[in-house]
Amino acid sequence: MSETIMKQIAEIEAEMARTQKNKATNYHLGTLKAKLAKLRSELINGPGGKSAGSKDAGRGFDVTKSGDTRIGLVGFPSVGKSTLLTTLTGTRSEAAAYEFTTLTCIPGTMKYKGARIQVLDLPGIIEGAAEGKGRGRQVISTARTCNLILIVLDAAKPLTHKKIIEAELFSFGIRINQSYPNVKIVKKENGGIGYQEMVPQTKGMNSEVCRMVLKEYKISCAEVILREDITVDQFIDVIEGNRAYIPVLYVFNKIDALTIEELDILDQMPNYVPISSQHQWNLEELMESIWDKCNMLRIYTKPKGQIPDYDEPVILHSEGNPTVEEFCNRIHRSLIDQ
């Protein structure tokens, strides 16, 4: 079954590579992208391509979520993930000169600015991980549960590994450093497809492409409202409805092997932090970047008649516009009922 789907995916990808990108081929490319997304979803989640949490999907490692936030270390074998976990948290994770030293998920906890941050050292992934190679589905399924993913790269060959890992995460429905598209799709009983653009579309979306993609997903009656300029891929993501939008930091490890000139070239990349986990170089910047990417807020409580507690703040995430109810639940579940 999976071999047949892989063959179909390869054929569609080959046809997309042969097709020139212009206004005349937008309709055809949109059809191919919709078919490709459905096949990938079916490959990962089983027949029907339901959500990534279905019983047929690759299940993640069974690690209890703890602390105020969770980050995962993702990368190729032998890039220094285990050493980084030990350096950040003090948790012993076996490190050696051979590949695939870590065969399961090793959790650890680090404290920074009063927050308890759970760090997961995940086994190394390889090309084809999203299809199940090298326990890749377990690794990426666990990565979906994280508030932040640290893609750990060997500074000597960062771009090669970076592109492969990004492609594997994308195939498994993880959208890195993106926000959910401002698109509304409301299914209805009748009336056909209603299509509205609140802003001009310059990335390939139009009413014809919209109708074609919806037809591929057997949606014949719906109201579609585009409130931002999006690509066809983003529109398909909204229809699928099971994508995970997770911030990512690129951690370039082993910078002690690079020259200043090479570091200057790497410095042009966004969302990156150069470190040496072995020599403990630049770890403070890494922890500050983790704090910023996770959008954490510290709220200090003040017991009546006492000074504020500056040692144990209540940690909330600012991107979700935290409420008083969430604050109370962080202190104790029963507090809101009192």
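Residues numbered from 1 in each chain as written. Predicted model: local features only at pLDDT ≥ 70, side-chain atom pairs only at ≥ 80, totals over all residues. Heavy atoms only, no water.

## Details of the overall build of the chain
Moving on, step 1. For the chain, the count of helices and strands is 10 helices and 13 strands.
Moving on, step 2. For the chain, the proportion of its 338 residues judged to be buried stands at 46%.
Moving on, step 3. A total accessible area of about 17900 Å² is found for the chain, and carbon and sulfur atoms account for 50% of it. (Helix = DSSP H or I, 4+ residues; strand = E, 2+ residues; numbered from the N terminus. Buried < 20%, exposed > 50% of the residue type's maximum accessible area, 1.4 Å probe, protein only. Areas by Shrake-Rupley, 256 points an atom, 1.4 Å probe, with all protein chains shown as cover.)

## Focus: the sheet that holds strand β10 (residues 248-253)
Moving on, step 1. Spatially, 6 strands are ordered β2-β3-β1-β4-β10-β11 in an open sheet, and the strand pairing comes out mixed. Both edges of this open sheet fall to β2 (106-112) and β11 (272-274), since each of them pairs with a single strand only. Recorded for the sheet is a direction-independent mean angle of 25° between the axes of neighbouring strands.
Moving on, step 2. Across 7 bridges, β2 lies against strand β3 (residues 115-121) in antiparallel orientation. (Pairing = 2+ DSSP bridges. Axes fitted to C-alpha atoms, helices over the stretch in contact; angles between N-to-C directions.)

## A short note on the sheet that holds strand β7 (residues 193-197)
Moving on, step 1. With mixed pairing, 3 strands are arranged side by side in an open sheet as β6-β8-β7. The two strands at the open ends of the sheet, each matched to only one other strand, are β6 (183-187) and β7. Averaged over all adjacent pairs, the angle separating strand axes in this sheet is 10°, with direction ignored.
Moving on, step 2. Direction of pairing for β6 relative to strand β8 (residues 222-226): antiparallel, over a ladder of 5 bridges.

## Some thoughts on helix α7 (residues 232-240)
Because an α-helix packs 3.6 residues into every turn, residues spaced three or four apart end up facing the same way.
Moving on, step 1. Taken across its 9 residues, α7 has 8 buried, putting it largely inside the fold.
Moving on, step 2. When we look at burial in α7, the residues that qualify are V232, Q234, F235, I236, D237, V238, I239 and E240.
Moving on, step 3. Remark: G241 follows α7 within two positions and exhibits a positive phi of approximately 75°.

## Some details on the environment of V152
Moving on, step 1. Structurally, the position occupied by V152 is in strand β4 (residues 148-154).
Moving on, step 2. Look at V152 and you get buried, because its relative accessible area is 1%.
Moving on, step 3. For V152, the contacting residues outside a window of four places in its chain are L73, V74, G75, F76, V79, K81, L84, V251 and N253. (Contact = heavy atoms within 4.5 Å.)

## Overview of the nonpolar core
Moving on, step 1. Formed by 58 residues in total, the largest nonpolar core has its most connected members in L84, L286 and I290.
Moving on, step 2. Core analysis: the second largest hydrophobic core is formed by 22 residues, C210, A222, L226 and V238 among them. (Core = buried A, V, L, I, M, F, W, Y, C linked by side-chain atoms within 4.5 Å.)

## What about the side chain of S289?
Moving on, step 1. With respect to the helices and strands, the residue S289 is situated in helix α9 (residues 283-293).
Moving on, step 2. Contacts of S289, omitting those with residues within four sequence positions, involve L249 and V273.

## Digging into the packing of aromatic side chains
Moving on, step 1. Enumeration according to the criterion identifies 4 aromatic pairs in this entry.
Moving on, step 2. Residues Y180 and Y245 carry aromatic rings whose centres are separated by 5.5 Å and whose planes lie at 75° to one another, so their mutual orientation is edge-to-face. Taken together, the residues Y180 in the loop between β5 (174-176) and β6 and Y245 in strand β9 (residues 244-246) connect sequence positions 65 residues apart.
Moving on, step 3. Y180 sits in the partly exposed class, given a relative accessible area of 47%.
Moving on, step 4. Cation over ring: K162 sits above Y250, and NZ or CZ is 4.9 Å from the ring centre.
Moving on, step 5. If you follow R175 out to its NZ or CZ, it ends over the ring of F170, 3.7 Å from the centre. (Phe/Tyr/Trp six-rings, centres within 6.5 Å; stacked < 30°, edge-to-face > 60°. Lys NZ or Arg CZ within 6 Å of the ring centre and 35° of its normal.)

## Some remarks on a negative patch on the surface
Moving on, step 1. Together, E261, E262, D264, D267 and E285 make up a negatively charged patch on the protein surface.
Moving on, step 2. A total of 3 residues in the negative patch trace back to one element, the largest contributor, which is helix α8 (residues 260-266).
Moving on, step 3. In this fold, D264 is placed in helix α8. (Patch = residues over 30% accessible without salt bridge, like charges linked within 9 Å, V, L, I, M, F, W, Y side chains within 5 Å. Salt bridge = Lys/Arg side-chain N within 4 Å of Asp/Glu carboxyl O. Lys, Arg positive; Asp, Glu negative; His and termini not counted. Charge placed at Lys NZ, Arg CZ, Asp CG, Glu CD.)

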